[in-house]
Amino acid sequence: MTKLILDGLVKDYGGFRAADNISLTLADGEFLSLLGPSGCGKTTTLRMIAGFITPTQGRIELDGREISSPKGVVAPENRDMSMIFQSYAIWPNMTVAQNVGFGLRMKKLPADQIKKRVGEILGVVQLDHLAERYPSELSGGQQQRVALARAVAVQPKVMLLDEPLSNLDANLREEMRTEIKRMHVEFGITTVYVTHDQSEAMAISDRVAVIKAGRIEQIDEPYRLYARPRTRFAAEFIGRTNLIEGHAKAGEMHFEGFSVPSAEVRSGGVLASVRPQNLKLSLRGNDKPERAEGVLHLAARIDERIFLGERWDYGLALEGRAMSLRAAAPAEQVFDMDAPVWISIQESRIIPVEGA
Amino acid sequence: MTDIANVNGLRPLARRPKFDWSLVVFGLLTAILVGLVVYPMSRLLIESFSDPKTGSFTVANFFDVARRSRYLLAYWHTVQLAVVTVIMSVAMALPMAWVVSRTDIPGRSLFYFGTLGAFIMPPFLGAIGWILLAGPNAGWINQIWTSLTGIEDPLVNIFSLWGLAFVIALNVFPLIFIFATSALDLISSEMEEAAAIHGAGPMRTTWIITLPLALPAILGAIMLVFLETIALYGTPALIAIPARFNVATTQLTTFFEYPAKIELAMAFSVPLVLITIVLLGAQRLLLRGGHVAVSGKGGARTAMRVGRWKWLFLAHGVAVTLLAVILPAGILVSTSFQIAWAKAPVLSNLTLDNYRAILFEQATVREAMFNTVYFALASATACTVLGFLTAYVVIRKLIPYSSALAFLAVAPVAVPGIVLAICFYAAFAGPPFSLYGSSLIIILAFITRFLPIAFVSCASGIRSLNPELEEAVRIHGGSRMRAMVEVVAPVLKKSLMGVWILVFVICSRELSTAMFLTSHQNRVISILTLDMSEQGDYETLAAMGVVLLVVTSTVVAIGMRLLGRDFMLRRN
Ligand SMILES: Nc1ncnc2c1ncn2[C@@H]1O[C@H](COP(=O)(O)OP(=O)(O)OP(=O)(O)O)[C@@H](O)[C@H]1O
Ligand SMILES: [Mg+2]
């Protein structure tokens, strides 16, 4: 059973804090993504886990053993981990089979066992016919498979991936993502995956840690991250959202013209997030909409409309208020410009978030 | 497929932490660099400032040197020599470089051959060739002149400052050629075309646009030629000593005549080192500025039409090739098969005895040839390994203050070979090392002298390598050393081979660094050449030279085959 714990990791470069108080715990076989914009410290964190970087503060523990602290780190080669690099880092002077067998050779396995196991792994990634080729003769996708095979061949305790798909074109990217997920399911290796692509992180991970400027903003399962973002940054980074300002008092959030009960909110100014997908539109005649428990109705007009092929993206101006919202509607739901509509929102979908 | 996950038993094999040998290796490396660079060079400073009897601090050595007009004259001759050499080599190289880089003149690729030939011709062999060609009495040019005109006075005399400068220029002009072509290659023709549109003809454009743009690089090369010339020992020893004028390097050797005055030799060397440091610094500044001037990125170039002038340029290139390579090599080859060198190579004058003598009879020559190859092999190998390791440590910042190692590795460029030889003599010849006359002292000196070349080339190779390749080794269970041995070195195989071949070739002909360090047991071909030339034994000498030329050219040819045509002529 593998258990990886990062405890209050900090990395300073001169006066600059690249990673700030990173704490997380990975369960055995868990697939966790570090997600955040460029320069937020994902690679720094991953390389601290790998042992290439000594933390300024904090510690890393693997199966109860401290492997990193400011006092020293267990060398990368002694950590029982493996890694897939952004550049693939396939050794150009070795054949595919030699690349994949390298880690096993380092473990001093007998040659015949190495051969057998390399054959099996190459079978899994469908590269057995290329075993004796050199990397320069492979396509980008094939190189990526070699990197994947090399990383799983040693059955590491932890596998680390640093934006492994960013050098691939769009089609291959999806294919390789599926491949990585399949390998994870098959071998159950505890995995930390770095990406700045939220859809990639959502599709592949058990949990996602959203990082901003070196700090973890939120760690959650993908759906919860989408449905219940805790901070403004998380809400905006995971898909699109509407942010509305208001204030909170006595378990209620008050916005311009409507109020929503909310158990968790603190009193004072409040910011709330509503996903465009949670705004249901219907044509507004003279009649009132049907009342339902916990559903909010707001009168609005279509202010802008963009057809995105699979759905509509409507910009809505609320009647009598200086507020505008965006809604995502199915392709069949066509409204003209300036058409009067009702917006219906489940109150529980209006999520208070932290952050200015 | 789940069975694969179970073909397991891997995790229980989890390793004991391995000992990281790399730290030991890097520590050793630092110690070696200090021993090879800091220790001998510090002797230069220490001995030049100390009293030979008491060992106490003094500046008297410098006064002793400065008081003797003969010593000052040597420096004056050296400066004259260097200036004349620079002018001559620019005149040789610049037109050729321009032709190769900018024009459509047919046959210009032959110029590469001429330059490469001059580059691989050992300087002392070129000098011997020219002694045979242009010696005042029996030299071939003068013999032919006399027989044609009946005039007894020689037409040319190589034993003069002009002759010496000429011979040196024929050997060093490739430096200017290399720098000038690589600068000219960077200038886009758009700049030239811009001038042409405003009414300047092609020749005028070249004068006012092209050459000024390449000027920093050319000036940089000129400084290198200047430095080469003032540091050169072999050619002056062969030509200036019989011509009875002294230059700084030949004067230096007189301090070693009995009783040896090392402290004076050291004091006398200090200006050579200072000039070298100043000029190298200036050269770096120039080249830094130069890159800005020639960074014309739209670097498409169209060859310039030269019209009728092309015959002139072609003739110039052919003449330089003839003078630098074909004539001296030809006379060496023909002499090596002759009984008497000054007589015509008619059938009765031809023989294979010279070769039999050097290969089977004369033990001194055989030993010198063996030593030359042995020292070159050992030095090239050690130099490449050392340069590679140092560059790796420096580029990957593996130990604290690793940039200090970089400084150590390039520091020997500041010391002319003959001065380095004195330093090594002072540092290792006597007790406690007592290495005088051994193979080791020469190999160590060669390693030190050529470490900068190896280091710089290796560093640029390593810099081009993605560090993730090494990190991948480590995260998959290999140590740093393993990353170096199994990935970095194999991936850089070609550039390492290039370094090795380059160092091998220059070691095989190095003379000045071996001076003062050789006794009868560890002589090399270059040193033996001096002795044999003094004895007038030109036939055997020529045979030995031809063997060296064949070995060198073979190695270079192999290198070109493996690494591409221009691997020797690339500007580092
Ligand atoms: N060796 C270093 N010295 C100084 N600053 C560094 C160093 N390495 C990283 N940084 C800085 O730390 C910050 C985080 O870097 P990091 O590489 O972890 O970002 P990242 O999240 O992986 O970004 P990307 O998505 O672009 O790869 C960056 O602002 C970077 O400039
Ligand atoms: Mg990164």
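Residues numbered from 1 in each chain as written. Chains lettered and ligands numbered in written order. Predicted model: local features only at pLDDT ≥ 70, side-chain atom pairs only at ≥ 80, totals over all residues. Heavy atoms only, no water.

Regarding the overall build of chain A
Piece 1. A tally of helices and strands in chain A yields eight helices and 21 strands.
Piece 2. For chain A, the C-alpha atoms occupy an extent of roughly 80 × 45 × 35 Å along the three principal directions.
Piece 3. Of the contacts formed within chain A by residues at least 6 apart in sequence, a portion of 65% connects residues at least 24 apart.
Piece 4. Within the structure as shown, chain A displays about 15600 Å² of accessible surface, and the carbon and sulfur contribution to it stands at 48%.
Piece 5. Positive and negative charge centroids in chain A, built from 44 and 46 side chains respectively, lie 4 Å apart. (Helix = DSSP H or I, 4+ residues; strand = E, 2+ residues; numbered from the N terminus. Contact = heavy atoms within 4.5 Å. Areas by Shrake-Rupley, 256 points an atom, 1.4 Å probe, with all protein chains shown as cover. Lys, Arg positive; Asp, Glu negative; His and termini not counted. Charge placed at Lys NZ, Arg CZ, Asp CG, Glu CD.)

Observations concerning the interface of chain B and chain A
One widely used convention gives an interface's size as the accessible area the parts lose upon coming together.
Piece 1. Taken residue by residue, the interface counts 31 residues in chain B and 43 residues in chain A.
Piece 2. Across the interface of chain B and chain A, roughly 3400 Å² is buried in total on both sides, 58% from carbon and sulfur atoms.
Piece 3. Across the salt bridge formed by Arg47(A) and Glu471(B), the nearest N and O atoms sit 2.8 Å from each other.
Piece 4. The tally of links between chain B and chain A comes to seven residue pairs in polar contact (both at pLDDT 80 or more).
Piece 5. For the side of chain B that touches chain A, the elements supplying multiple residues, two or more each, are helix H1 (2-6), helix H20 (468-475) and helix H21 (480-491) of chain B.
Piece 6. It is H20(B) that contributes the most residues to the side of chain B that touches chain A, seven residues altogether. (Buried area = accessible area lost by both parts, 1.4 Å probe. Salt bridge = Lys/Arg side-chain N within 4 Å of Asp/Glu carboxyl O. Polar contact = N/O pair within 3.5 Å; in protein donor to acceptor, adjacent residues only side chain to side chain.)

What to know about unusual backbone geometry
Piece 1. Here Pro431(B) and Pro432(B) are connected by a cis peptide whose omega angle stands at 5 degrees.
Piece 2. Relative to the elements of secondary structure, Pro432(B) occurs in the loop between helix H18 (417-429) and helix H19 (439-463).
Piece 3. Backbone geometry at Gln155(A) places phi at a positive 45 degrees, although glycine is not the residue there.
Piece 4. Relative to the assigned elements, Gln155(A) resides in the loop between helix H4 (140-153) and strand E8 (158-162).
Piece 5. By relative accessible area, Gln155(A) is classed as buried at 7%.
Piece 6. Phi at Asp338(A) takes a positive value of approximately 70 degrees, unusual for a residue other than glycine.
Piece 7. Inspection of the secondary structure puts Asp338(A) in the loop between strand E19 (324-330) and strand E20 (340-346). (Buried < 20%, exposed > 50% of the residue type's maximum accessible area, 1.4 Å probe, protein only.)

Looking at the site of ligand 1
All names here are of chain A.
Piece 1. The full set of residues close to ligand 1 is Tyr13, Phe16, Ala18, Ser38, Gly39, Cys40, Gly41, Lys42, Thr43, Thr44 and Glu163.
Piece 2. Residue Lys42 places a side-chain N or O atom 2.8 Å away from an oxygen atom belonging to ligand 1.
Piece 3. In the environment of ligand 1, an oxygen atom lies 2.5 Å from a nitrogen or oxygen atom belonging to the side chain of Thr44.
Piece 4. Protein burial of ligand 1: of its 630 Å² of free accessible surface, 59% is covered by the chains.
Piece 5. Secondary-structure elements contributing two or more residues to the shell around ligand 1 are strand E2 (16-26) and helix H1 (42-50).
Piece 6. Among the elements that make up the shell around ligand 1, the one with the highest residue count is H1 (three residues). (Near = heavy atom within 4 Å.)

Let's talk about the packing of helix H6 (residues 123-134) of chain B against helix H7 (residues 140-149) of chain B
Residue and element names in this part refer to chain B.
Piece 1. Direction vectors running N to C along H6 and H7 enclose 15 degrees, while the axes themselves pass 4 Å from each other. Between H6 and H7, the interaxial angle falls into the category roughly parallel. The residues of H7 that touch H6, namely those facing Trp130, Leu132, Leu133 and Ala134, are Trp140, Ile141 and Asn142.
Piece 2. Of the residues belonging to the contact of H6 with H7, the class tally is six nonpolar, one polar and no charged. (Axes fitted to C-alpha atoms, helices over the stretch in contact; angles between N-to-C directions. Parallel < 35°, antiparallel > 145°, perpendicular 65-115°, else oblique. Nonpolar A, V, L, I, M, F, W, Y, C, P; charged D, E, K, R; others polar.)

Some points on the side chain of Gln251(B)
Piece 1. Locating Gln251(B) in the fold gives a position in helix H12 (residues 248-254).
Piece 2. Apart from the residues lying within four places of it in its own chain, the contact partners of Gln251(B) are Arg70(B), Tyr71(B), Ala74(B), Asn246(B) and Phe268(B).

Points about helix H17 (residues 402-410) of chain B
Residues and elements named next belong to chain B.
Piece 1. Among all positions in H17, only Ser402, Leu405, Ala406, Leu408 and Ala409 are buried. Down the axis of H17, the sector holding all buried residues measures 160 degrees, keeping them to one side. For H17, exposure combined with an orientation more than 90 degrees from the buried face picks out Ser403 and Phe407.
Piece 2. Along its buried surface, H17 packs onto helix H2 (21-48), helix H16 (363-395) and H19. (Arc of directions from axis to C-beta.)

Overview of the pattern of salt bridges
Piece 1. This model, assessed by the stated rule, comprises 31 salt bridges over all chains.
Piece 2. A salt bridge links Arg17(A) to Asp12(A); its shortest N-O distance comes to 2.8 Å.
Piece 3. The partner of Glu486(B) in a salt bridge is Arg105(A), and the shortest N-O contact between them spans 2.6 Å. On the criterion of chain membership, the pair formed by Glu486(B) in helix H21 and Arg105(A) in helix H2 (residues 96-106) is interchain, its members lying in two chains.
Piece 4. What makes Glu486(B) buried here is its relative accessible area of 17%.
Piece 5. For Arg105(A), a relative accessible area of 36% translates into the label partly exposed.
Piece 6. Residues joined by salt bridges that share partners form a network here, namely Asp12(A), Arg17(A), Asp20(A) and Arg215(A).

A few points about the pairing of strand E10 (residues 207-212) of chain A
Residues and elements named next belong to chain A.
Piece 1. Here four bridges tie strand E3 (residues 31-35) to E10, and the two strands are oriented parallel to one another. Residue pairing for E10: Leu35 is matched across the bridge by Val210.
Piece 2. Strand direction decides the pairing type here: E10 and strand E11 (residues 215-220), joined by five bridges, are antiparallel. Of the residues in E11, the one forming a bridge with Ile211 is Ile216.
Piece 3. What sits between the antiparallel neighbours E10 and E11 is a turn of two residues, in which Ala213 has the positive phi angle 45 degrees. (Pairing = 2+ DSSP bridges.)

Section: the domain arrangement of chain A
Piece 1. Here chain A is partitioned into domain 1 (4-232) and domain 2 (277-348).
Piece 2. Computed over C-alpha atoms, the centres of domain 1 of chain A and domain 2 of chain A are 43 Å apart. (Domains from an automatic or database assignment.)

Structural notes on the sheet that holds strand E6 (residues 72-73) of chain A
All names here are of chain A.
Piece 1. Strand order in the open sheet formed by five strands is E2-E1-E4-E5-E6, and the pairing between neighbours is antiparallel. Of all the strands in the sheet, just E2 and E6 have a single pairing partner and so form its edges.
Piece 2. Note: strand E4 (residues 57-62) against strand E5 (residues 65-69), three bridges, orientation antiparallel. Bridging from a neighbouring strand, Ile60 pairs with Ser68 of E5.
Piece 3. Sheet strands touched by H1: strand E1 (4-13), E2, E4 and E5. Its angle to E1, the strand with the most contacts, is close to 120 degrees.

Regarding the domain arrangement of chain B
All names here are of chain B.
Piece 1. What the domain assignment lists for chain B is domain 1 (18-44 + 353-572) and domain 2 (68-336).
Piece 2. On a C-alpha basis, the centres of domain 1 and domain 2 stand 25 Å from each other.
Piece 3. In this complex, domain 1 contributes 41 residues to the contact, which on the side of domain 2 involves 41 residues.
Piece 4. Here domain 1 packs against domain 2, burying approximately 3700 Å² in sum over the two surfaces, 81% of which is carbon and sulfur.
Piece 5. The interface formed by domain 1 and domain 2 includes zero salt bridges.
Piece 6. Counting every contact that joins domain 1 to domain 2 gives four residue pairs in polar contact (both at pLDDT 80 or more).

Section: the layout of surface pockets
Residues and elements named next belong to chain B.
Piece 1. Of the pockets and cavities examined, the second largest pocket occupies roughly 840 Å³.
Piece 2. As for the second largest pocket, its lining consists of 35 residues, of which Tyr233, Ala237, Ile241, Leu530 and Glu534 are closest to the centre.
Piece 3. Every element with two or more residues in the lining of the second largest pocket is listed here: helix H11 (234-239), H12 and helix H23 (525-535).
Piece 4. Counting residues per element, the lining of the second largest pocket draws most heavily on H23, which supplies six residues. (1 Å grid on protein atoms, 1.4 Å probe; cavity = no way out; pocket = protein on both sides within 12 Å on 5 of 7 lines; lining within 4 Å. Points joined across faces, edges and corners; volume = space filled by probe spheres on them.)

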